[in-house]
Amino acid sequence: MDSEPTTIAAIATPPGTGGVAVIRISGSLAWYIGRTLFSRKDLSFQSGRFYHGWIVDISAPQTDTALLDEVLMLFFAAPNSLTGEDVVEIHCHGNWFLAQKILALCFSLGATAAGAGEFMKRAFLAGKVDLTQAESVMDLVSAQGERLLKAASRNLKNRSLGTYIDVIGQKLLEIQSQIVACVDFPDEVDEPPRLPLIESLSTLIERGEALARAADKNRLVRDGMKIAILGLPNAGKSSIFNVLLASERAIVTDIPGTTRDVLTECLTIHGIQVTLVDTAGIRESENRVEILGIERTWQAADEAEAILYVFDGTIGLLREDHRVLAKLSKLPNTRILLVANKMDLVSREKPFGREGVLTLSAKTGRSMEELLNWIESVIEERVPGETDIHMAINHRQRSCLLAMNESLHLAQQTLIDQSLPIDMATVPITDGLSKLDELMGRETTEEVLDQVFQEFCVGK
């Protein structure tokens, strides 16, 4: 017989100083701990309501100094809570030492420290959310852009991915039941024609492939887009980097080679997190530190979805620029924009021998709006629009879908081969159903669950 789950407690807000800190407690001892630590005149409570009072330091002498902090306490009675257990939340002032002190008092009354994601894991095990909804909570917590935020919110509220998967699973069960019925009851049920079963499997395979493609398209929604700023030394890369960020993040001097390493900063454009990478100027060098910086420059170029190649507009494109651009042109699926900087120093513009060069001045801000427009165009090209992002599918879910499709392809080939008995198709169909159950968390190992929930923060 399984023992009763322990009562867990954790600070649910980030470390540091703020307006409010939240201590969350879940389990059979939660209400006892809350009542013991909480002091107010009226000791009657209702589930789902906030109450004002004081936390009592039960480790101190029972005097006025035993009152630790003025707080709000919220109580949810089982099973109507996040975890399906009794849950208490203590909202104290946002001092990290104070929150730690209250948490220690919870431990002294029998609570144990919650692990990463343990509250959401209990919610999942209690049937409050399916695994995809639990993962959407993680997306809500970690989303760096509005698009992922909205997709995660839709899935958490409407169970959009789970509903879609359930439809595929139900159709698979219908195919499976037709085959099993004719095998188990050959005298009563005729073998079904294979062609409709093959066509039904084709439809389900297409749906699985569509979801997997969505995961590929939504990768930038989830992970963000990286834009590297490259060029020869002293072209003004760091100046453009600073202007785009609207801050003096990178050191700017007239000395070539000032930037020796890559600098990264993030901003949000059109609801997508864009990571700007300022890189070391590319040139021949014998300085070991500079060589390492240039190696990282090429690595940043390889990892970027787009590159701003900056050159000095007062000089034009040099032979070394052409050599670097020839190497960059071999990068697959990477958008490259040539940027002629320092145009405030040019009295009369002249062609640079290439089309599509954006002329700007990081010093005066000239054409910076056009540069932002180009970045927005890359986002619109690479990232699906909001109406196309119905479900923010993650890497784990995508792997389950691909594995399911492999099984369905095998089942389809088994049905196509008339020399094979029809019941042989039930084995790969069962495997496909198992992968859907793994995706939804209905049939999965403790190791997989631990891997999913350990990505959560403690207290969630």
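Scroll up a little and you will see the structure.
Parameters and conventions
- Residues numbered from 1 in each chain as written.
- Predicted model: local features only at pLDDT ≥ 70, side-chain atom pairs only at ≥ 80, totals over all residues.
- Heavy atoms only, no water.
- Core = buried A, V, L, I, M, F, W, Y, C linked by side-chain atoms within 4.5 Å.
- Buried < 20%, exposed > 50% of the residue type's maximum accessible area, 1.4 Å probe, protein only.
- Helix = DSSP H or I, 4+ residues; strand = E, 2+ residues; numbered from the N terminus.
- Contact = heavy atoms within 4.5 Å.
- 1 Å grid on protein atoms, 1.4 Å probe; cavity = no way out; pocket = protein on both sides within 12 Å on 5 of 7 lines; lining within 4 Å.
- Points joined across faces, edges and corners; volume = space filled by probe spheres on them.
- Nonpolar A, V, L, I, M, F, W, Y, C, P; charged D, E, K, R; others polar.
- Pairing = 2+ DSSP bridges.
- Axes fitted to C-alpha atoms, helices over the stretch in contact; angles between N-to-C directions.
- Salt bridge = Lys/Arg side-chain N within 4 Å of Asp/Glu carboxyl O.

## Some details on the nonpolar core
With 34 residues, the main nonpolar core has Ile227, Ile240, Leu244, Leu276, Leu308, Leu371 and Ile379 as its most contacted residues. A total of 6 residues in this core trace back to one element, the largest contributor, which is helix H12 (residues 368-382). Ignoring sequence-local partners within four residues, the contact set of Leu276 consists of Ile227, Phe241, Leu244, Leu245, Leu263, Thr264, Glu265 and Leu267. With 28 residues, the next largest nonpolar core counts Cys182, Leu201, Ile393 and Cys400 among its residues.

## A few points about empty space enclosed by the protein
Considering all chains together, one arrives at 2 cavities of 30 Å³ or more under this definition. Within the residue set of the lining of the largest cavity, elements represented by two or more residues are helix H4 (131-142) and helix H5 (146-158). In terms of residues, the lining of the largest cavity owes the most to one element, H4, which gives 3 residues. Broken down by class, the residue content of the lining of the largest cavity amounts to 4 nonpolar, 4 polar and 2 charged.

## Remarks on the sheet that holds strand S12 (residues 335-341)
Strand order in the open sheet made by the 6 strands is S9-S10-S8-S11-S12-S13, with mixed pairing throughout. With partners counted over all chains shown, the strands left at the sheet margins are strand S9 (263-269) and strand S13 (358-359), one partner each. When S9 meets strand S10 (residues 272-278), the two strands line up antiparallel, connected through 7 bridges. Bridging across to S10, Cys266 finds its partner in Thr275. Running at roughly 175° to strand S11 (residues 306-312), helix H11 (residues 319-328) makes contact with strand S8 (225-231), S11 and S12 of the sheet.

## Remarks on the pattern of salt bridges
Across all of its chains, the model carries 15 salt bridges by this definition. A salt bridge links Arg159 to Asp130; the nearest nitrogen and oxygen atoms lie 2.7 Å apart. Note that Arg159 is positioned in the loop between H5 and helix H6 (160-184) and Asp130 in the loop between helix H3 (118-125) and H4, a separation of 29 residues in sequence. When its relative accessible area of 23% is taken as the criterion, Arg159 is described as partly exposed.

## Details of the pairing of S11
Taken across its 7 residues, S11 has 7 buried, putting it largely inside the fold. Burial along S11 is two-sided: Ala306, Leu308, Val310 and Asp312 and Ile307, Tyr309 and Phe311, pointing in opposite directions, are all buried. Sheet topology note: the S8/S11 ladder contains 5 bridges and is parallel. Its bridge partner lying in S11, Ala228 is registered against Ile307. In this structure, S11 lies alongside S12, joined through 7 bridges in parallel fashion. Each residue of the ladder has a partner; that of Ala306, found in S12, is Arg335.

## Section: the sheet that holds strand S1 (residues 8-11)
One open sheet holds the 7 strands; their spatial order is S3-S4-S5-S6-S2-S1-S7, and the pairing between them is mixed. Of all strands in the sheet, those bounded by a partner on one side alone are strand S3 (38-39) and strand S7 (112-113). As judged from the 8 bridges shared by strand S4 (residues 49-56) and strand S5 (residues 67-76), these two strands associate in the antiparallel manner. Looking at the pairing, Trp54 lines up with Glu70 of S5. Docked against the sheet, helix H2 (residues 96-108) engages S1, strand S2 (18-26), S4, S5, strand S6 (87-94) and S7, running at close to 175° with respect to S1. The sheet contacts of H3 involve S1, S2 and S7, and relative to S1 the element is tilted by about 135°.

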